Amino acid sequence: MQETLTINVRKTIRALARIELIGSLVKLRQRIAKIRVTMLSESGRKSLKHRTGSNGLVSVSRNYLLGELRQIEETRTIERARYYVRRLRRALSDVKTSPINDLNLHRWKEYRNIQTDSLWILQKRDSSGPHSAWYWGNFVPQIPHQLMLRYTKKGDWVLDPFAGSGTTLIECHRLGRNCLGVELQPSIARKTRNRLKDVFRKDDSGSLALEVGDSTKADFHSLLQRHGTRSVQLAILHPPYHDIIRFSRKRNDLSNAGSTESFTNMFGEVIDNVGKVLDEGRYLAVVIGDKYEEGEWIPLGFLLMAEVLKRGYKLKSIVVKNFEETLGKRNQKELWRYRALAGGFFVFKHEYILIFQKR
Ligand SMILES: C[S@@+](CC[C@H](N)C(=O)[O-])C[C@H]1O[C@@H](n2cnc3c(N)ncnc32)[C@H](O)[C@@H]1O
């Protein structure tokens, strides 16, 4: 969790505007130091609240704000100091967002929690609230969480055509996004709905829907219309990693595809289907890992990437994410190491998050 400072933003902006006019570097630094001390002192913050009520009070990342003030105090020229003051004033007063998310780019330094590197090392699964790892083959909640912060605005619709235990639905609820999840297995959909009934019940501001269906041919358009919308602004696809886990005995389950080729073809049908309801310019993410078959590495990630590219999407990123040891493998760590040494291969430690933009 980011530590925040509650400041009276209007008063701070006015003070910064006055400081920007100061001609002496020493005086300017002194005034900034005074602001910093006032913000930090507990009594200062109390009297601030007392004087202003909740009007004008805004929470700002503590590290960001103190970092900016310290930078001004350490500056050696008046021009540079004024520039930093102006930049801070703008960060607090102006909002600069893009059409695809709610991030205020004037305050980009505050978003330390948002991934921008192509290598994600996640130490621990987020198991807070209704998240639990009961479903073998679910993904860590941090994946849909990060994707939604980058690629959706509040109130946008997210489509998850392989919904499973509803990890995406939970994150949508937390972040104020609407979500349509589609899952092939009625029993899993029922269990997920049941486990998340509190989340669904509390969902009064937006819409959360989990439908049973085959995403290779489901009519997403009609399903969305049932919930009062026509299209989605982000699609998150976490298909089976072919037959690594057999999710059901159903013929139209991607995990039962008879060959790698038929697996990629079925996945292609899902992409065609999703493409019909995804808005232009918006994003589609595929979460997938590779597999071994008879001593040969099968690059499912690259094969699925090719399926999406064939359909004219723009590739925006290939993210590599570390892979937690599955319960089964944890007990057999040494055995896998031996097998790797003997068989000339490497033990899987990563999966991909492929990010595309619809043109
Ligand atoms: C890797 S899991 C997704 C897990 C999910 N991200 C979660 O966190 O619980 C893949 C899911 O896709 C479902 N599935 C397989 N084929 C499908 C199809 N044709 N249509 C819809 N769902 C399908 C499986 O039943 C399984 O629940």
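Structure shown above.
Anyway, here's the lowdown on the structure attached to this text. The shown structure was predicted, so the numbers you read here are calculated from the model rather than taken from an experiment. (Residues numbered from 1 in each chain as written. Predicted model: local features only at pLDDT ≥ 70, side-chain atom pairs only at ≥ 80, totals over all residues.)

Comments concerning the overall build of the protein chain
For the protein chain, the count of helices and strands is 14 helices and 12 strands. The principal-axis extents of the C-alpha atoms in the protein chain amount to approximately 75 × 55 × 40 Å. When each of the 359 residues of the protein chain is scored for burial, the buried share is 31%. At a minimum sequence separation of 6, the contacts of the protein chain that also span at least 24 residues come to 71%. (Helix = DSSP H or I, 4+ residues; strand = E, 2+ residues; numbered from the N terminus. Buried ≥ 20, exposed ≤ 12 C-beta atoms within 10 Å, placed from the backbone. Contact = placed C-beta atoms within 7 Å.)

Section: the pairing of strand β11 (residues 314-322)
In the sheet, strand β3 (residues 119-120) pairs with β11 via 2 bridges, with the strands oriented parallel. The residue of β11 that forms the bridge with Leu119 is Val320. Where β11 meets strand β12 (residues 350-357), 8 bridges bridge the pair, whose relative direction is antiparallel. The residue bridging Asn322 from the neighbouring strand is His350, located in β12. (Pairing = 2+ DSSP bridges.)

Looking at the site of the ligand
Around the ligand, the structure places 26 residues, and the nearest of them are Asn138, Phe162, Gly164, Ser165 and Thr167. Grouping the amino acids of the shell around the ligand by side-chain chemistry returns 11 nonpolar, 12 polar and 3 charged. (Near = placed C-beta within 6 Å. Nonpolar A, V, L, I, M, F, W, Y, C, P; charged D, E, K, R; others polar.)

Concerning helix α5 (residues 78-93)
With 16 residues, α5 should reach 22 Å at 1.5 Å per residue; the first-to-last C-alpha distance of 22 Å fits that figure. Where the residues of α5 are buried, they touch α1 (9-20), α2 (25-40) and α4 (62-73). (Expected span 1.5 Å × (residues − 1).)

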